[in-house]
Amino acid sequence: MPEMPDKVERNSSKLNLEAQRLSASEAIIPKESYKTIPEDIDHQHKVDVEGLENVISDSVKNSNMVREKVDMSEEGADEKMLGTGDEEQQNLAKKEEVKFISGDQQNGDAKIDIGTVDKTFTGMTKEELMKYANDPFWVRLRWFLFICFWGLWAGMLIGAVLIIIYAPKCAAPEPLSWWKQGPLVKIDTPTPDDSVVEAIRTLGVKGVIYEVPADETYNIASEPAISDALKKLAGAFTAFGINLIVDLTPNFVTRQDPLFQKAMNNPEARSAFVWREGNQVPNNWRSLVNGSAWTNEGGQIILQQFGPDRFDLQLKDPLALAKLKGVLKEVVGLGVKGIRLANTKHFIIDESLTDDGPSNNPYYDHTHYGFWTHAHTTYQEGLGELLYDLKAYVHNLTESQGFLAASDDIDRPEVYMSKNGLQSLDMIQLGRVPNLLANSTTADHLYRELRNVWESTVEAGKHFWLQWNYVKQEFLKHITISEYNIFLQLIPGVPVFNVDAPRAKPQDFSTETFHKIRTSPSYMHGSFDLYKDVNNTVIGYSRTKSGNPGFFVVLNPTEHHVDANFSNVVGIAEELTIHTTSSNYNVTDVAVKAKVLSSAIPVSGYSAMILTYVPKA
C-alpha cells in the first residue's frame, strides 16, 4: 500500500504536463464547441490517435460530443490568408464536417467521422457481372433479344424483296390509237378491186373511209345490198390490219323512211321532226339549196334544210335519237370500227323558230343560204351533251377500239364540249387550217391563226384529235402538196387523203417515212410547241419527249431564201440534222443528213423541211 502515493503523484504530474501543453496551444488552435452526435450516422471513418489514452479526461471520453467548426470570420483570417470570397465560403460550407467520436474506453482510442462522401458510379466490376452471366433469367432474355434482332432483320429483307417484286411497275405509255396514227384514205366504192386494196395496203395506212350515200344512212339495216357490201368491204381490209370507217349523214330522212311515214299519220311521232300545223311558214329560214327551208305537206309545215324530200330530224328527241343509235349498232355489227357523222352542227334545232339575221356577207343576197347567220339551226345548246352520249355509245359497242368523229368542217369547236368540260367527239375537222396553208403569205399570220386553233381544240384540256383533209394542187396558191404534207404530218392530228392522191407523186407523200416518225415516242407522247424565227419570217414547231430524239418542222411561206434563227426554241440543240426536205427545197450543198445550226437554218422560198436533234435537258 505505500506505493499508492507514488502512483497518484506520477499521474498528477502527467496531467499537469498535458495541461500546460494544451494551454500553450490555445493561442494557435481555435476554440471548439461541441454538439450531440446524431444517432443515425451513416458512415464513420475510424482513425487511431496515439498518445491520447492518458490525456483526455474521463468526462471527455464518456461524453457524446463532437467538435464544431468555429466561425473565424471575425478575425478575417481566412479571407486574408486564402483570399476566399462569398462564393468560396459557400463552397466550403457545403463540405462535410469532421466529428470526433469516443472510441474504446479501455485503450483510449478516438474515432473521426468525416460525414457522407459522394461516390461516382463506375459501373459493375467483372466479378459482379459474372454473377449474372449464367443466370437463367438473363440467359433467356439474351436469347430473346438475339432472336428478335435477326427476325426483324430478316423481315425487313423479305419485305424489301416483296416490294420490289410486287410494286406496280411504271407502265410504258400506251401507243396512240390506230385512228390517231393514220394516215386514213378515202375510197369511193364499197367494192374496190384487188389492185386498189393492194395499193392501199402498201401505203401503210391505218384505216379506209367509205361514205355511205346520204339518203341511204337509215336504209343500211333494211337493204341487204348495202349491209352486205359494207361487211365484205370490212373483211377485205381487216385481213391486212386496216380498219373500215364509214361516213354517215344522220340528220335527215327521206320521204320513204318508216318514221316519217308514221309521223304523217300519228302526231305522237312528229316530235322527231320540226313540225308545225297549218299552212303558214313560221320564219325566214333558208335551205342549203337557197330556197325556203320549209315545205307544206297537206297542211303540215315541215323543216327540210337539205333539199326536197329530206326532212330534218330533231336528234335530241328520244325517237330520233333511238333511230340513230340503231344505225350505229348496225354498222358496228358489220365490222366497222370508226364512224364519222356529217352535218353535226345541224343536229339540234331551236324550237322557238326565231327569224335568222343577216351575216353581212357581201357575196350573197337575201335569197341565198350564205346571206343569213343560221344562229337558230346550227351549234345549238345541248349539242355537246348529245354528241358525248353518242360517242360513249360507240365506244361501248366497239369495246373502246372505235371512234366517233365529225366529217365536216367545224367553225366553233368550243360548242363540242360537254357540260363537264369533256370533248364530245374523238376527232373534228378544221377546214381553216388547210386554207391557211394554201393562202397565207406571212409566218406571223400563220402563227397567230394556228395558235388560236391549238387553244380551242388541243390545249386547255380539250384534247380533240384533228383531221387534215388534203386539198388538190390547183387550190394551193404558192406551196405544193409536198410542203403541205410535210408541215401537217407531225401536227397532232391525222392526215386524210383520197386513194388516188399518192399515185401522182409518191415522193410528195412519203407515207412510209412519215409512218416511222408518227410511231416514235416524240410524236405519240411528246409535246407540241409552235414558234416563229427571230425575224418573224419562218414558222416552225417542235415535237419532243424526254430521252428521245426531237423533231423540228420548218415552213417558209415567203418566196425568199431565209437563214432562219430558231435558237429561241426551248431545249433545241445548237446543231440539227436534216431528215426530210420538200420538193421546192433547193439550197446548194445542203441535203438530207446534212448538219445545220439552229441559229441559221437555210430554208429556200416556199419550202418545208423536217430536222432531228437531241433536246437539251
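To be clear, the structure that these remarks concern was listed above.
Residues numbered from 1 in each chain as written. Predicted model: local features only at pLDDT ≥ 70, side-chain atom pairs only at ≥ 80, totals over all residues. Heavy atoms only, no water.

Peer 1: If you had to explain the packing of aromatic side chains to someone new, which residues and values would you point to?
Peer 2: For the structure shown, the criterion picks out 21 aromatic pairs. Judged by centre distance (6.5 Å) and plane angle (65°), the ring pair of F146 and W150 falls under edge-to-face. Highlighted residues: F146 and W150, both in helix α6 (residues 136–166), separated by 4 residues, approximately one helical turn. Its relative accessible area of 46% is what places F146 among the partly exposed residues. On the basis of relative accessibility, which here comes to 44%, the residue W150 falls in the partly exposed class. Ring centres of W179 and F403 lie 5.2 Å apart, and the angle between their planes is 40°; on these two criteria the pair is classed as tilted. Residue W179 is located in helix α7 (residues 178–181), and its partner F403 is located in strand β14 (residues 403–409); the two are separated by 224 residues in the primary sequence. The same class applies to W179 as to F403, namely buried. Every member of this aromatic cluster is reached through a ring pair, and the members are W143, F146, F149, W150 and W153. Across from the ring centre of W465, 5.1 Å away, lies the NZ or CZ of K180, which sits over that ring. The ring of Y393 carries the charged tip of K325 above its face, separated from the ring centre by 5.2 Å. (Phe/Tyr/Trp six-rings, centres within 6.5 Å; stacked < 30°, edge-to-face > 60°. Helix = DSSP H or I, 4+ residues; strand = E, 2+ residues; numbered from the N terminus. Buried < 20%, exposed > 50% of the residue type's maximum accessible area, 1.4 Å probe, protein only. Lys NZ or Arg CZ within 6 Å of the ring centre and 35° of its normal.)

Peer 1: Hey, could you go over the pairing of strand β6 (residues 207–211) for me, with residue numbers and the actual values?
Peer 2: For β6, the tally of buried residues reaches 4 of 5 residues, placing the bulk of the element in the interior. Sheet topology places strand β5 (residues 184–187) next to β6; 4 bridges connect them, and they run parallel. Bridging across to β6, I187 finds its partner in Y210. Following the backbone out of β5, through helix α8 (residues 194–202) and into the adjacent parallel β6, one traces a crossover that is right-handed. Bridging between β6 and strand β7 (residues 243–248) involves 5 bridges; their strand directions are parallel. By the bridge assignment for β7, G207 is matched with N243. The parallel pair β6 and β7 is bridged by helix α9 (residues 224–238), and the resulting crossover is right-handed. (Pairing = 2+ DSSP bridges. Right-handed = clockwise from strand over helix to strand, strands pointing away.)

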